Amino acid sequence: MRETMSLDPEPLSVRETQLWRSFVQFSGDAVAAVERDLFAATGLSGADFQILARLYEAEDRQLSQKLLGELTGWTATRLSHQLARMHRRGLVDRAAAGRGRLMRISLTEEGSRTYEAALPSHARAVREHFLGGAGVAELEEGLRLLGAARLDGGFH
């Protein structure tokens, strides 16, 4: 047994466990359903859409590959393979950005058109599988709860 075991927090309560498991199940199901509908309607994977969205919303529609990796939370390898696939399809351009392997990723015109065309399908899927007809009050409460939850230590 570890010597620091006495410093470990108490196990989750029954209600905490229920909330956590419900959150994990719901979030996984919602993301999978949105991605499934998006792919069926547009041919874009969830990963494609996420990259296109980040670039579309960025200044000059470009980001460093390093920052793009930080925004997505992906490993450098996963991101590099995803970008290579998207580059082959004409959705993004990759260019050296200085010394070493630093790359600048930019959205192509085709990438912009593809993203804009996918927005209605994405919105429908998010509303159907995540928002579920939530009203303004529910949206505000959801934002409050999610905004209060932090990965660096829970609710603040």
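Residues numbered from 1 in each chain as written. Predicted model: local features only at pLDDT ≥ 70, side-chain atom pairs only at ≥ 80, totals over all residues. Heavy atoms only, no water.

A. Region of the structure containing the sheet that holds strand 1 (residues 62–64). Read across the sheet, three strands follow the order 1-3-2 without closing on themselves; strand pairing throughout is antiparallel. If you trace the sheet from one side to the other, it starts and ends with strand 1 and strand 2 (92–96), each paired once. Sheet twist, expressed as the average angle between the axes of neighbouring strands with direction ignored, equals 20 degrees. The sheet contact formed by strand 1 and strand 3 (residues 103–107) spans three bridges and is antiparallel. (Pairing = 2+ DSSP bridges. Helix = DSSP H or I, 4+ residues; strand = E, 2+ residues; numbered from the N terminus. Axes fitted to C-alpha atoms, helices over the stretch in contact; angles between N-to-C directions.)

B. Representation of the pairing of strand 3 within the structure. Pairing of strand 2 with strand 3, which is carried by five bridges, proceeds in the antiparallel orientation. Across the sheet, the residue bridging to Ala96 is Met103, located in strand 3. In sequence, strand 2 turns back onto strand 3 through a hairpin of six residues, with Gly98 there showing a positive phi of about 110 degrees.

C. Up close: the packing of aromatic side chains. Enumeration over the complete set of coordinates arrives at four aromatic pairs. Summarising the aromatic geometry, the rings of Trp20 and Phe23 are spaced 5.8 Å apart at their centres and angled 35 degrees between planes, so their arrangement reads as tilted. Remark: Phe23 and Trp20 occur in helix 1 (residues 14–42); sequence separation between them is three residues, near one turn of the helix. Exposure remark for Phe23: the relative accessible area of 43% places this residue in the partly exposed category. Each ring, one from Phe49 and one from Tyr115, has its centre 5.2 Å from the other, and the planes form 35 degrees; the classification is tilted. Here Tyr115 lies in helix 5 (residues 109–131) and Phe49 lies in helix 2 (residues 46–57), a separation of 66 residues in the sequence. On the basis of relative accessible area, Phe49 is assigned to the buried category, the value being 8%. The buried category is assigned to Tyr115, whose relative accessible area is 5%. If you follow Arg61 out to its NZ or CZ, it ends over the ring of Tyr56, 3.8 Å from the centre. (Phe/Tyr/Trp six-rings, centres within 6.5 Å; stacked < 30°, edge-to-face > 60°. Buried < 20%, exposed > 50% of the residue type's maximum accessible area, 1.4 Å probe, protein only. Lys NZ or Arg CZ within 6 Å of the ring centre and 35° of its normal.)

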